[in-house]
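Descriptive analysis of the structure
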Amino acid sequence: KNEVEQSPQNLTAQEGEFITINCSYSVGISALHWLQQHPGGGIVSLFMLSSGKKKHGRLIATINIQEKHSSLHITASHPRDSAVYICAVSLQGAQKLVFGQGTRLTINP
Amino acid sequence: NAGVTQTPKFRVLKTGQSMTLLCAQDMNHEYMYWYRQDPGMGLRLIHYSVGEGTTAKGEVPDGYNVSRLKKQNFLLGLESAAPSQTSVYFCASRNSGRIDTQYFGPGTRLTVL
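Quick summary incoming for the structure in this document. Since we're looking at a predicted model, the values are computed, not measured.

Conventions adopted
Residues numbered from 1 in each chain as written. Chains lettered and ligands numbered in written order. Predicted model: local features only at pLDDT ≥ 70, side-chain atom pairs only at ≥ 80, totals over all residues. Heavy atoms only, no water. Helix = DSSP H or I, 4+ residues; strand = E, 2+ residues; numbered from the N terminus. Rg over C-alpha atoms; globule rule 2.2 N^0.38 Å. Buried < 20%, exposed > 50% of the residue type's maximum accessible area, 1.4 Å probe, protein only. Contact = heavy atoms within 4.5 Å. Areas by Shrake-Rupley, 256 points an atom, 1.4 Å probe, with all protein chains shown as cover. Lys, Arg positive; Asp, Glu negative; His and termini not counted. Charge placed at Lys NZ, Arg CZ, Asp CG, Glu CD. Pairing = 2+ DSSP bridges. Phe/Tyr/Trp six-rings, centres within 6.5 Å; stacked < 30°, edge-to-face > 60°. Salt bridge = Lys/Arg side-chain N within 4 Å of Asp/Glu carboxyl O. Polar contact = N/O pair within 3.5 Å; in protein donor to acceptor, adjacent residues only side chain to side chain. Nonpolar A, V, L, I, M, F, W, Y, C, P; charged D, E, K, R; others polar. 1 Å grid on protein atoms, 1.4 Å probe; cavity = no way out; pocket = protein on both sides within 12 Å on 5 of 7 lines; lining within 4 Å. Points joined across faces, edges and corners; volume = space filled by probe spheres on them. Axes fitted to C-alpha atoms, helices over the stretch in contact; angles between N-to-C directions.

Turning next to the overall build of chain A. Regarding its fold elements, chain A presents zero helices and eleven strands. When its helices and strands are written in sequence order, chain A yields β-β-β-β-β-β-β-β-β-β-β. Expected size for 109 residues packed as a compact globule is a radius of gyration near 13 Å; at 13 Å, chain A falls within 12% of this value. For chain A, the spread of C-alpha atoms along the three principal axes comes to 45 × 25 × 25 Å. The buried share of chain A, reckoned over its 109 residues, is 47%. In chain A, the proportion of contacts linking residues at least 24 apart, taken out of those at least 6 apart, comes to 54%. On chain A, roughly 5200 Å² of surface is accessible, and the fraction owed to carbon and sulfur atoms is 48%. Within chain A, the 6 negative side-chain charges are centred at a point lying 7 Å from the centre of the 9 positive side-chain charges.

Here is the structure:
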């Protein structure tokens, strides 16, 4: 079983829909990261959080430490949000990240 | 600032050939990482470095070597390439705080025939 599990693996939605991507982890962490990777493109960090909730524009990330679960929400989704979203965790006491397999999001106009 | 850069962007090798991938960062970061990304498997750590002159093995180090002779550069070497090393390789760097954001390079697409 992977230490970091994302769901769903693939998600297709219509423009304007509210999107939720989930991430569960099974290890002790210092922080959780959400990353975005556009087709053929590099990887950029969206959020790093260790508790509560963060918001940036139409993106919201939440984390529940007790339940070892995080969600990434996108409000009023747009075709330019189409990308792979990756959850990663910073392991306690380590300088490394462990990555989920990613969620491929497609937003149709 | 250029951030994290990788050279080359694309490369095709024949089995048994060798090559070096170069990662450079201009953010004065202590930590640098090499990952490979394969379909359906997510990013996997090959090697990493926590400072100039140091290296450590990650999750999938076999078949690769690394060097960090200068703080700003992290080199990934393939001594004898194999088709199983066909992948997209990403370099990343970050500050040395307890936790911090990793900054990724644009990736190198390597095909081994």
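Having put the structure on the table, let's press on.
Residue and element names in this part refer to chain A. The element strand E4 (residues 29–37) is extensively covered by neighbouring structure, given that nine of its nine residues are classed as buried. Direction of pairing for E4 relative to strand E9 (residues 83–91): antiparallel, over a ladder of eight bridges. Across the sheet, Ile29 pairs through a bridge with Leu91, a residue of E9. In this sheet, strand E5 (residues 43–49) lies alongside E4 in antiparallel orientation, the contact comprising six bridges.

Residue and element names in this part refer to chain B. Per the stated rule, a full pass over the model turns up six aromatic pairs over all chains. A ring pair is formed by Tyr33 and Tyr48, whose centres lie 6.1 Å apart and whose planes are at 20°; its orientation type is stacked. A residue pair is termed long-range when its members are at least 10 positions apart, and Tyr33 in strand E4 (residues 31–38) and Tyr48 in strand E5 (residues 42–49) qualify at 15 residues. Both residues of the pair, Tyr33 and Tyr48, belong to the buried class. Taken together, a centroid distance of 5.9 Å and an interplanar angle of 65° make the contact between Tyr64 and Tyr89 edge-to-face. In this pair, Tyr64 sits in the loop between strand E6 (56–57) and strand E7 (65–67) while Tyr89 sits in strand E9 (residues 87–94), placing the two residues 25 residues apart along the sequence.

Turning our attention to the interface of chain B and chain A. Residue-level contacts link 21 residues of chain B with 18 residues of chain A. Linking chain B to chain A there are zero salt bridges. Viewed at the interface, chain A and chain B are joined by two residue pairs in polar contact (both at pLDDT 80 or more). In terms of residue class, the side of chain B that touches chain A is built from twelve nonpolar, six polar and three charged.

Our next topic: the layout of surface pockets. Space inside the largest pocket adds up to approximately 680 Å³. Contributing to the lining of the largest pocket are 26 residues, with Gln37 and Arg104 of chain A together with Gln37, Val88 and Arg109 of chain B lying nearest its centre. For the lining of the largest pocket, the secondary structure elements donating two or more residues are strand E11 (103–108) of chain A together with E4, E9 and strand E11 (108–112) of chain B. Taken together, the residues that form the lining of the largest pocket break down as eight nonpolar, 14 polar and four charged. The volume enclosed by the second largest pocket comes to roughly 370 Å³. The set of elements that each furnish at least two residues to the lining of the second largest pocket consists of strand E10 (97–99) of chain A together with E5 of chain B. Counting residues per element, the lining of the second largest pocket draws most heavily on E5 of chain B, at four residues. Classifying every residue of the lining of the second largest pocket by side-chain character gives eight nonpolar, five polar and four charged.

Before going further, it helps to examine the sheet that holds strand E8 (residues 73–78) of chain B. Residue and element names in this part refer to chain B. Strands sit in the order E1-E3-E8-E7 across an open sheet of four strands; the sheet is antiparallel. With one partner strand each, in any of the chains shown, strand E1 (4–7) and E7 form the two edges of the open sheet. Mean inter-strand twist for the sheet, computed between neighbouring axes without regard to direction, equals 20°. With four bridges connecting them, E1 and strand E3 (residues 19–25) associate as antiparallel partners.

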